[in-house]
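# Coordinate analysis (summary)
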Amino acid sequence: MAAEDLLRAVRLRPKAELHLHLEGAVRPATLVRLARRAGSPLFPDVASVRARRRFEGLAGFLSLYRDVCRLLREPADFGLLARDLTARLRSERIVYAEVYVSPAIVERLGLEWGAVRDAVESAFAAHERGGAGRIRVLLDAVRHFGPDAAHRVLDLHARHPWPRAVGFGLGGDELSLPARDFASVYRRLAQLGLAPVVHAGEAGGPGSVAEALRWLKPRRIAHGVAAAADRGLVRTLARAGVALDVCLTSNEATGTWPLATHPVLDLLRSGVTVTLATDDPGLFGTTLSGEYRKLSRLGATRGELAAVLRAGFRAGFAPSRHHPPATSASAAARTRS
Ligand code: ADE
Ligand code: ZN
């Protein structure tokens, strides 16, 4: 099959996505509305959102992220974001998604977590009732908010568990605090029935991935690509089956990993489980199919693309019963008819 046919098949077939953030899925038009309501000059129109898709490192991006979050003034705003996200899942045929939702950000904004959770739950439940696919939540703490804030995320969940939450992760500034500072947080996860994930190896080096593996024992790592510089670490990831949820456009946009030197193929060919994801599709202006297109342009074979598609389902914490993964790219092609 020609590359274009294969990519068309990818666009049309059911897919899974395991790494996208609720706030980062905001549609540019929603962002403009929120900014207008807040009287903020930040995003006067959609073009101004699109013009801000290149950043001075991860810190530059996180600064924009903070600006976006400050426009969220009431629980219903999170419902808006959740509806932007579910519309995106439907239009992209993503039938299983794990979405980072951050009680730590909600706390910083001074909003009530229960009301925010209800607004998000209502949008996600409506999406599922519509039959377009399933969504599970990864409760997200923010690394630079520190371990006490992360413990409070778990306290909230312990007091009032959200059945949709299947995992717990740590986003934010990877360079701010070492993973070991969060070891006591991650030790609580098993008891709460939450699978451990963590952002590492995005702005940090292989040492940051090794540190996260040692202290937090994640089942998947968001990004993790810096591991490629350490062959021993790559072997450990492959042997332990720790998947990397890789986001090519995000890495390009933040300048952490330019596409031309991106190690994703090296990781794949070394036996590491790789999934592809958009991270913050509304802010980076990407789609999941666009990520597959980039992987193909880097030289991924048909078999490699199929393996990544399958990994999206297999590495999920509660993969869909209704959309079992296809076993090959040819199965992907069959979904066209
Ligand atoms: N939160 C949202 N996007 C993120 C990213 N790319 N890295 C760390 N934290 C994030
Ligand atoms: Zn992320």
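Residues numbered from 1 in each chain as written. Chains lettered and ligands numbered in written order. Predicted model: local features only at pLDDT ≥ 70, side-chain atom pairs only at ≥ 80, totals over all residues. Heavy atoms only, no water.

### Comments concerning the coordination of the zinc ion (ligand 2)
- The protein atoms that coordinate the zinc ion (ligand 2) are H19 (NE2), H21 (NE2), H199 (NE2) and D279 (OD), at distances of 2.1 to 2.2 Å.
- Taken together, the 4 donor atoms coordinating the zinc ion (ligand 2) and their angles of 81 to 170° define a geometry best described as irregular.
- When the donors of the zinc ion (ligand 2) are listed by position in the chain, the intervening gaps give H-x1-H-x177-H-x79-D. One end of the pair, H21, is in strand β1 (residues 15-21); the other, D279, is in the loop between β8 (274-276) and α15 (281-284), with 258 residues separating them in the sequence. Each member of the pair H21 and D279 is classed as buried. (Donors = N, O, S within 2.8 Å, 3.2 Å for Na, K, Ca; no water. Tetrahedral: all angles 85-135°; square planar, octahedral: opposite > 155°, others 65-115°. Helix = DSSP H or I, 4+ residues; strand = E, 2+ residues; numbered from the N terminus. Buried < 20%, exposed > 50% of the residue type's maximum accessible area, 1.4 Å probe, protein only.)

### A short note on the packing of helix α16 (residues 288-297) against helix α17 (residues 302-314)
- Packing of α16 against α17 brings their axes to within 10 Å, and their N-to-C directions diverge by 145°. In the packing of α16 onto α17, the handedness of the crossing is right-handed. Of α17, the residues touching α16 (which contributes Y292, L295 and S296) are L305, V308 and L309. (Axes fitted to C-alpha atoms, helices over the stretch in contact; angles between N-to-C directions. Left-handed = near helix turned anticlockwise from the far one by under 90°. Contact = heavy atoms within 4.5 Å.)

### Quick look at the sheet that holds strand β5 (residues 195-200)
- What the 8 strands build is an open sheet, ordered β1-β2-β3-β4-β5-β6-β7-β8; its pairing is parallel. Of all strands in the sheet, those bounded by a partner on one side alone are β1 and β8. Across the sheet, the mean angle from the axis of one strand to that of its neighbour is 25°, orientation sign disregarded.
- The pairing of strand β7 (residues 243-246) with β8 spans 3 bridges and is parallel. Residue pairing in the sheet places L244 in a bridge with V274 of β8. (Pairing = 2+ DSSP bridges.)

### A few points about the confidence of the model for the protein
- Model confidence for the protein is summarised by a mean pLDDT of 93, while 94% of its residues fall at 70 or above.
- Predicted confidence is poor over residues 324-337, with pLDDT under 50, and the contacts of this stretch with residues over four places away or in other chains come to 28 contacts. (pLDDT = per-residue confidence, 0-100.)

### Let's talk about the environment of C247
- Take C247: it is sitting in the loop between β7 and α13 (248-254).
- Between the C-alpha atom of C247 and that of H262, which follows or precedes it by 15 residues, the distance is 11 Å.
- The contact partners of C247, leaving out residues within four places of it in the chain, are H19, H223, A277, T278, D279 and E291.

### As for the environment of E92
- Within the secondary structure, E92 sits in helix α5 (residues 75-92).
- The spatial distance from the C-alpha of E92 to the C-alpha of L288 is 7.3 Å, given a sequence separation of 196 residues.
- The residues contacting E92, other than those within four sequence positions of it, are R11, K15, T287, L288 and S289.

### Description of the site of ligand 1
- With respect to spatial proximity, the complete set of residues near ligand 1 consists of H21, L58, F61, L62, Y65, G171, G172, H199, E202, H223, D279 and D280.
- A distance of 2.8 Å separates a nitrogen atom of ligand 1 from a polar side-chain atom of D279.
- Top contributing element to the shell around ligand 1 by residue count: helix α4 (residues 57-69), with 4 residues.
- Looking at the shell around ligand 1, its residues break down into 4 nonpolar, 5 polar and 3 charged. (Near = heavy atom within 4 Å. Polar contact = N/O pair within 3.5 Å; in protein donor to acceptor, adjacent residues only side chain to side chain. Nonpolar A, V, L, I, M, F, W, Y, C, P; charged D, E, K, R; others polar.)

### Observations concerning the environment of L138
- With respect to the element layout, L138 can be found in strand β3 (residues 134-142).
- L138 gets classed as buried once you look at its relative accessible area, which sits at 0%.
- Along the chain, L138 and P258 lie 120 residues apart, while their C-alpha atoms are 27 Å from each other.
- Those residues within four positions of L138 in sequence are excluded, and the remaining contacts are L18, E98, V99, Y100, V101, V166, G167, V197, R220 and F317.

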